[in-house]
Amino acid sequence: MIVWVTGASSGLGLHTAEALRAAGHRVIAGARSFATERVENGNAYLPLDVTDPASAEAFATRARALAGSPEALVQCAGVLVLGSCEHTPLEEYRRVMETNFLGMVRMNQLVLPLMRERGGGRIVMFSSINGLLGVPFQSAYTAAKHAVEGYAECLQMEAQAFGVQVCLVEPGDHRSGSSRYRAKVEGMAGTPYADAYRQTIAVIHHDETHGSDPAALGRKVAKALSRRHMPTRLRIASPDQHLAVWLHDLLPGGLNGAILRDYYFNEKKARAYAGEG
Ligand SMILES: NC(=O)c1ccc[n+]([C@@H]2O[C@H](COP(=O)([O-])OP(=O)(O)OC[C@H]3O[C@@H](n4cnc5c(N)ncnc54)[C@H](OP(=O)(O)O)[C@@H]3O)[C@@H](O)[C@H]2O)c1
């Protein structure tokens, strides 16, 4: 299959692109840090900024010239910002929405006509457990991933008639993400949220650094992409993260919020994890 992969320079996108190549697919990988074009054994690395219409167009044009129309698009590009709802600047919300949500919409609009023309295709969008439940101090990211979840359900229904399958990947914590893409709102230490924020950051950092194997996730995504019928949702998470989603859907909101606050606003854990970086 000819597969375009966005956000393929780091983390889960990098591992997914590697697994796809290992499975014999021809991968056209895109990211901003692929500053110049590189082609190796039919696979390509092209510059791509999903927030920039000209860059996305240029990527699509070059990718088609190199390998023809895509049979699949795997969208991994994403950024995160950590800060309170009160202090996260609107500009940061915009940046995260532009990358994590509108960037996906943009890339889908580029491939959908091509997939319709060839009578079908596959679109895989990286959401997150945060696309299903909220987590303190990750509101921009959580809002963007919730947008992706709702959008993908609409797309699934619309595109099915044209043979285009859509799959949402919902990872839990994986040991992959680069701190480069986890911006922190400045000055949180001087706000009334300081303790809760510090505790939450320690827990988030711990959970990610002790998270699941990113290479295994890449292989699962590659396997799902090769199935005759892709799943509409592929949740790749630890048992307690599965449980958190299940409880979120089952429990009253107040109780669910209390459980999550207890989990994140926890001085004992924050002290134990202090030193982890
Ligand atoms: N890691 C986890 O535990 C986890 C959990 C749940 C969901 N996810 C999701 O999985 C995906 C990958 O996350 P990650 O944490 O593994 O990776 P990461 O290390 O944070 O890498 C982010 C990737 O996105 C790319 N990117 C950022 N802005 C971009 C833009 N404007 N245009 C094109 N590419 C852009 C980056 O490449 P350049 O900077 O080179 O452009 C990089 O390849 C994201 O969608 C994330 O939300 C990750």
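If you're wondering where the values come from, they're calculated on a predicted model, not measured in any experiment. (Residues numbered from 1 in each chain as written. Predicted model: local features only at pLDDT ≥ 70, side-chain atom pairs only at ≥ 80, totals over all residues.)

(A) Structural context of the overall build of the protein. Of the regular secondary structure elements, the protein holds 9 helices and 10 strands. With 277 residues in all, the protein has 40% of them scored as buried. (Helix = DSSP H or I, 4+ residues; strand = E, 2+ residues; numbered from the N terminus. Buried ≥ 20, exposed ≤ 12 C-beta atoms within 10 Å, placed from the backbone.)

(B) Structural view of the packing of helix 1 (residues 11-22) against helix 6 (residues 214-226). Where helix 1 meets helix 6, the closest approach of the two axes is 8 Å, and the angle between their N-to-C directions is 55°. Classified by the angle between their axes, helix 1 and helix 6 sit oblique to one another. The element helix 1 and its partner helix 6 pack so that their crossing is right-handed. From helix 1, Gly 11, Leu 12, His 15, Thr 16, Glu 18, Ala 19 and Leu 20 reach across to helix 6, where they touch Pro 214, Ala 215, Leu 217, Gly 218, Arg 219, Val 221 and Ala 222. (Axes fitted to C-alpha atoms, helices over the stretch in contact; angles between N-to-C directions. Parallel < 35°, antiparallel > 145°, perpendicular 65-115°, else oblique. Left-handed = near helix turned anticlockwise from the far one by under 90°. Contact = placed C-beta atoms within 7 Å.)

(C) Just the site of the ligand, in detail. By nearness alone, 31 residues border the ligand, and Gly 7, Gly 11, Arg 32, Gly 78 and Gly 177 come closest of all. Only helix 1 and helix 3 (90-117) provide two or more residues apiece to the shell around the ligand. Examining the composition of the shell around the ligand, we find that 3 residues originate from one element, helix 1, more than from any other. A class-by-class count of the residues in the shell around the ligand yields 10 nonpolar, 17 polar and 4 charged. (Near = placed C-beta within 6 Å. Nonpolar A, V, L, I, M, F, W, Y, C, P; charged D, E, K, R; others polar.)

(D) Broad picture of helix 4 (residues 139-159). For helix 4, which comprises 21 residues, the first-to-last C-alpha distance of 30 Å matches the rise-based estimate of 30 Å (1.5 Å per residue) to within 8%. Of the residues making up helix 4, those classed as buried are Ser 139, Ala 140, Tyr 141, Thr 142, Ala 144, Lys 145, Val 148 and Ala 152. As for helix 4, its buried residues are in contact with strand 6 (80-82), helix 3, strand 7 (121-126) and strand 8 (164-171). (Expected span 1.5 Å × (residues − 1).)

(E) Quick peek at the pairing of strand 5 (residues 72-75). Of the two faces of strand 5, both are covered, the one formed by Ala 72 and Val 74 as well as the one formed by Leu 73 and Gln 75. As defined by bridge partners, strand 1 (residues 2-6) adjoins strand 5 across 4 bridges and the pair is classed as parallel. In the strand pairing of strand 5, Val 5 is matched with Val 74. In this sheet, strand 7 lies alongside strand 5 in parallel orientation, the contact comprising 4 bridges. Along strand 7, the bridge assignment pairs Val 74 with Val 124. (Pairing = 2+ DSSP bridges.)

(F) Quick peek at the nonpolar core. One finds Val 5, Ala 29, Val 74, Val 124, Met 125, Val 169 and Val 221 to be the most contacted residues of the largest nonpolar core, which totals 64 residues. The element best represented in this core is helix 3, accounting for 7 residues. Setting aside residues up to four positions removed in sequence, Val 169 forms contacts with Val 124, Phe 126, Ser 127, Val 221, Leu 234 and Ile 236. (Core = buried A, V, L, I, M, F, W, Y, C linked by C-beta atoms within 7 Å.)

(G) The arrangement of helix 1 in detail. Compared with the 16 Å implied by 1.5 Å per residue over 12 residues, the 17 Å span of helix 1 between its first and last C-alpha is a close match. With 10 of 12 residues buried, helix 1 is to be regarded as a mostly interior element. Turning to helix 1, its buried residues number three or more, namely Gly 11, Leu 12, Gly 13, Leu 14, His 15, Thr 16, Ala 17, Ala 19, Leu 20 and Arg 21.

(H) Representation of the packing of helix 2 (residues 53-67) against helix 3 within the structure. Their axes nearest at 11 Å, the elements helix 2 and helix 3 cross at an angle of 35°. Viewed along their axes, helix 2 and helix 3 form a crossing whose handedness is right-handed. Residues Pro 53, Ala 56 and Ala 60 of helix 2 pack against Arg 106, Met 107 and Leu 110 of helix 3. Residues that form the contact of helix 2 with helix 3 fall into these classes: 5 nonpolar, no polar and 1 charged.

(I) Broad picture of the sheet that holds strand 7. Taken in spatial order, the 8 strands line up as 3-4-2-1-5-7-8-10 in an open sheet, and their pairing is mixed. In the strand order of this sheet, the two ends are held by strand 3 (38-40) and strand 10 (233-236), each with one partner. Within this sheet the neighbouring strands show an average axis-to-axis angle of 15°, counted without direction. Relative to strand 10, strand 8 is paired through 4 bridges, and the arrangement is parallel. Residue Pro 171 lies in a different strand from strand 10, and its bridge partner there is Ile 236.

(J) Structural view of unusual backbone geometry. Phi is positive for Asn 41, close to 50°, though the residue is something other than glycine. By the element assignment, Asn 41 lies in the loop between strand 3 and strand 4 (43-47). For Phe 137, which is not glycine, the phi torsion reads 65° and is therefore positive. Tracing the sequence through the fold places Phe 137 in the loop between strand 7 and helix 4.

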